[in-house]
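As a plain string of letters, each chain reads:
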Amino acid sequence: IVFSALLLACSSDEKKIDPVPDANVTGPCAEYDSPVFTATSYPATYSGNLLGAGDDHSVAEGSCSDERSFYAQEGEDEVIKLSGLTVGERYGIILNSDDDLSFYLTAGCADSVVGACKLFVDQEARREASEFTADSDTAYLVIDHFGNDPVQSGNYSLSVVRATCLAPSECDSTAPFCFDFGCVECVNSFQCSNSAKPACDQDSHACVTGWDECTGDDPSPPEPGDDGPLGAATLADPGLGTPTIVSQNICSAPLSEVDFFEITLPANAKRVFSVAWAAGSGDIDLVLLREDGSVVDSSIRSQPEAISVDGIAPGKYYLAVTKFESAGNPLKIAIPYTLSASVPECETSFDCSNPALPVCAATRLCSVSSSDCTGDDASEENDGPTTATTLSSGTIVNANICNVPNSESDFYKIDVSAGEGLDVLVSFDGANAADLDVQVFDAAGVSLGFTLWSNPERVTLSYLPAGSYFIEVQYFSSGSVIAAHPYTIAATRIPGAGCQNNSDCDDEFKTQVFRGDCNPGTGACSAIAGNGVRAIGTPCDSGDDCSSGQCSVLLFQENAAESVCTVSCSSDAQCVTAHGSGFRCTVPFANNFCHPDCSGLECGVNQISSNLDQGQPWDYLTCNAGACEVDN
């Protein structure tokens, strides 16, 4: 199964372009005079590495006669010479890399001159492919990195082939699919119609019986027939409280080794599919596919891996389980795993009221607390709010946490009186890049504030309604961390007179989600109950308040009490029409909307960025001449 189609190419073209070769290159044509590789016959293959190659060449947007998307090329590059081309013949270029690379084809070294560049390709993240028709017996191919940051591995592989096809219509029934500019029997296993040969070999692109190279793999059957969908093991559709669970084994020899499972779902089904395996024994990935082989969803970076579907169309679906190897080295020792299908009974752990089953696991079933962490707390039972550890105001508590399984959390509980605030402080040693995150919820599980990138992590809330509040601590890491990490937590109640009007509700904003309705009688700020009927220009704290479905509020913004129901936009003129003066169209958000003219920190934060502004807990978005912008 190939997942590269799910990946996106580089996401910004707002980088400077420097078409002038670096000063350390002897003349602009040096790399063209001495290319790293010269192809003389086709197919031609080459494996290279851009590390240390230098940023010596680039082309400006619009200078190539055929541009398949365009991004600047600020990174390292190498030149490859293609000689012996046949004029008028079609050729295909296939570039694979661990990094996000582009390529462009030029007639010579004057690559910044309009007309010299014949083709520019930068459409995907790790694989680029395109065809060209030779208009000369010689051309130059530049392999380039889009970013000004160093490449990660620098490795790439290049193939230049004679293009026998560009579309399936140019192929025949024996090899009906066009892949990498040649006619093949299959591109993926869903195109193999013979149950005796259900798997598509990713090297030959021929349908084969499958693979049985793993030591300790499943017996035959299901191996090797389940390497393709035609041989998939049948998975029974689960019922509420009766999940379907199967145990199998898998390795990564060859890298295309896969276990397929088939399941038939009814209309409007809600299901969760998950794969669990022993921590520290590798990485397993899970993909859900339709009957035609198109991807519904995938899970590739969690432990366990989990996919949720809600209201999916009725029919036959396939689950594909693979073992991932980051170094690309096949390992023949199979590891056991458990695949489960279940009907969800919880969305979050706040839905789990039984103290014996306090955690909403990846299966979306209420489950027991985890004890997988090495060196965790002696009584590790506070993984859900139902079993949260009660805190006394101002008391420092010592604890430990890891992130196995993915749902691993430590919950704490503290009660406050109406109008009081709450200060939560979590401190930890940042050794080994440890990163803890903190979030505070009300008793209904609504998030009131959080922090992700600081050490110590601090969440400060103000003007709370009376009640119980829950603090969740999690260990964030892109990989599995079994060894528990120590930390301290303290939650302190903040007395005060309470709010007097709605404008008081945004006084504390840097880690508090805005609640815009002040009750002077209790001194507490609550979420505005707009119920989706508020008109344009009236106060709001979420899109749910507004008839337009759009509120101008931004996460953790200063002066959030200025937020009003608004409209989507593509220009400032639309904001003037909707509100009059004093509003600008945000640029370039995923969905732009009208926002009051900004100043200071009124544009909110980029919560996924760890590049914190000086003295702030977040990377704040840019306020540029009154308009909110995403940082470059």
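Refer to the structure presented above.
In this text the structure is predicted, and so the values were computed from the model without any measurement. Starting afresh in each chain, residues are numbered from 1 along the sequence in its written order. Predicted model: local features are reported for residues with pLDDT of at least 70 only, side-chain atom pairs are reported and counted for 80 or more only, and whole-chain, interface and lining totals are derived from all residues. Values reported for side chains reflect all heavy atoms of the structure, with hydrogen atoms and water molecules removed beforehand.

S.K.: Sorry, what's going on with the overall build of the protein chain here?
M.R.: Strands are runs of DSSP state E lasting at least two residues, helices are runs of H or I lasting at least four, and both sets are numbered from the N terminus onward. For the protein chain, the helix and strand inventory stands at two helices and 42 strands. The C-alpha extent of the protein chain, read off along each of the three principal axes, is 85 × 65 × 45 Å. Exposure classes here rest on a 1.4 Å probe applied to the protein chains alone. A residue is buried below 20% of its type maximum, exposed above 50%, and partly exposed in between. Looking at the protein chain as a whole, 47% of its 632 residues qualify as buried. Here, two residues are considered to be in contact whenever any of their heavy atoms come within 4.5 Å of each other. Residue pairs in contact within the protein chain that sit at least 24 positions apart in sequence constitute 68% of those at least 6 positions apart. As displayed, the protein chain has an accessible area near 27,600 Å², and 50% of this comes from carbon and sulfur atoms. Accessible areas in this description were obtained via Shrake-Rupley with a 1.4 Å probe; residue shielding takes into account the shown protein chains only.

S.K.: Looking at this structure, I do not really get the side chain of E262. What am I missing?
M.R.: With respect to the element layout, E262 can be found in strand 17 (residues 259-265). Other than its neighbours up to four places away in sequence, E262 contacts A232, A233, T234, L235, K316, Y317 and Y318.

S.K.: Is there a simple way to explain the pairing of strand 22 (residues 315-324) in this structure?
M.R.: Regular strands place side chains that alternate from one sheet face to the opposite one. Counting buried positions along strand 22 yields seven of 10 residues, so the element is predominantly enclosed. Here strand 17 runs beside strand 22; their pairing, made up of seven bridges, is antiparallel. The residue bridging F261 from the neighbouring strand is L319, located in strand 22. Judged from the eight bridges that link them, strand 19 (residues 283-290) and strand 22 form a sheet pairing that is antiparallel. In the strand pairing of strand 22, I284 is matched with K323. The pairing criterion for strands is at least two bridges between them, as found by DSSP.

S.K.: Quick question: what am I supposed to make of the sheet that holds strand 23 (residues 335-342) here?
M.R.: Sheet strands line up and pair through hydrogen bonds in the backbone, either parallel or antiparallel. Judged by pairing direction, the sheet is antiparallel, and its four strands sit side by side in the order 16-23-18-21 without closing on themselves. In the strand order of this sheet, the two ends are held by strand 16 (244-250) and strand 21 (305-312), each with one partner. Pairs of neighbouring strands in the sheet enclose a mean axial angle of 15°, with direction left out of account. Each axis is a line fitted through C-alpha atoms, and for a helix only the stretch in contact is used; angles between axes span 0 to 180 degrees, taken between their N-to-C directions.

S.K.: How should the packing of aromatic side chains be read in this particular structure?
M.R.: Note on aromatic pairs: each is described by the distance of the centres and the angle between the planes. Aromatic pairing here means that ring centres of Phe, Tyr or Trp (its six-membered ring) are within 6.5 Å. Orientation follows from the plane angle: under 30 degrees is stacked, over 60 is edge-to-face, and everything else is tilted. In total, this model carries 17 aromatic pairs according to the counting rule given. Judged by centre distance (5.6 Å) and plane angle (20°), the ring pair of Y91 and F132 falls under stacked. A residue pair is termed long-range when its members are at least 10 positions apart, and Y91 in strand 5 (residues 90-97) and F132 in strand 8 (residues 127-133) qualify at 41 residues. Looking at Y91, the relative accessible area reads 0%, which means it is buried. Of the residues examined, F132 reaches a relative accessible area of 9% and is grouped as buried. Plain terms: the ring middles of F190 and Y318 are 5.5 Å apart, the flat faces sit at 80° to each other, and that makes the pair edge-to-face. Taken together, the positions of F190 in the loop between strand 12 (182-184) and strand 13 (199-200) and Y318 in strand 22 put the pair 128 residues apart, joining distant regions of the chain. The same class applies to F190 as to Y318, namely buried. Through pairs of rings, three or more aromatic residues link up here, namely F350, F411, F441 and F470.

S.K.: Would you mind showing me how to read the sheet that holds strand 22 here?
M.R.: Read from one edge to the other, the open sheet built from five strands follows the order 15-17-22-19-20, with strand pairing classed as mixed. Each having just a single partner strand, strand 15 (233-234) and strand 20 (295-299) make up the two edges of the open sheet. Here two bridges tie strand 15 to strand 17, and the two strands are oriented parallel to one another. Bridge pairing in strand 17 places T234 opposite E262.

S.K.: Where do I start with unusual backbone geometry in this structure?
M.R.: The bulk of non-glycine residues show a negative phi, and the bulk of peptide bonds are trans. Cis geometry marks the peptide bond from Y42 to P43; its omega dihedral reads 15°. As for its position among the elements, P43 is in the loop between strand 1 (37-39) and strand 2 (44-49). Residue P221 is reached from S220 by a cis peptide bond, and omega for that bond is -5°. In this structure, P221 sits in the loop between strand 14 (207-208) and strand 15. Of note in this structure, D180 is not a glycine but carries a positive phi near 50°. Topologically, D180 is positioned in the loop between strand 11 (177-179) and strand 12. What makes D180 partly exposed here is its relative accessible area of 27%.

S.K.: How should I be thinking about the state of the cysteines in this particular structure?
M.R.: Disulfides are covalent bonds that connect the sulfur atoms of two cysteines. Cysteine sulfur atoms are paired as a disulfide whenever they come within 2.5 Å of each other. Overall, the coordinates contain 17 disulfides when judged by the stated rule. Residue C64 pairs covalently with C117 via a disulfide, S to S 2.1 Å. As the torsion about the S-S bond is roughly 90°, the C64-C117 disulfide counts as right-handed. Here C64 is found in the loop between strand 2 and strand 3 (67-68), whereas its partner C117 is found in strand 7 (residues 117-121), with 53 residues between them in sequence. The exposure class assigned to C64 is buried, which follows from its relative accessible area of 7%.

S.K.: Sorry, what's going on with the pattern of salt bridges here?
M.R.: Where charged atoms from two side chains of opposite charge come close, those side chains can pair. Salt bridges are identified by distance alone: a Lys or Arg side-chain nitrogen within 4 Å of an Asp or Glu carboxyl oxygen. In the structure shown here, the tally under the stated rule is 13 salt bridges. For E131, the salt bridge is made with R68, and the minimal N-O distance between the two is 3.0 Å. Residue E131 is located in strand 8, and its partner R68 is located in strand 3; the two are separated by 63 residues in the primary sequence. Take E131: its relative accessible area is 24%, and that puts it in the partly exposed class. Residues joined by salt bridges that share partners form a network here, namely D66, R68 and E131.

S.K.: Even after reading the chapter, I still don't get the nonpolar core, so can you show me in this structure?
M.R.: As a rule of thumb, soluble globular proteins bury nonpolar side chains together. Residues L422, I471 and Y487 are the most contacted members of the largest nonpolar core, which totals 26 residues. For this core, the secondary-structure elements that each account for two or more residues are strand 27 (397-401), strand 28 (410-416), strand 29 (421-428), strand 30 (436-442), strand 32 (457-461), strand 33 (467-475) and strand 34 (485-494). Not counting residues within four places of it along the chain, the set of residues in contact with Y487 comprises V397, N398, A399, N400, I401, D410, Y412, V426, S427, F428, L436 and V473. In this structure, Y42, Y46, L82 and L119 belong to the second largest nonpolar core, which totals 25 residues. In this description, a nonpolar core means a group of buried Ala, Val, Leu, Ile, Met, Phe, Trp, Tyr and Cys residues linked to one another through side-chain atoms lying within 4.5 Å.

S.K.: Explanation requested: the environment of G580 in the structure shown.
M.R.: Mapping G580 onto the fold places it in the loop between helix 2 (572-579) and strand 37 (583-585). Given the relative accessible area of 23%, G580 is considered partly exposed. In sequence terms G580 and A497 are 83 residues apart; their C-alpha atoms lie 37 Å from each other.

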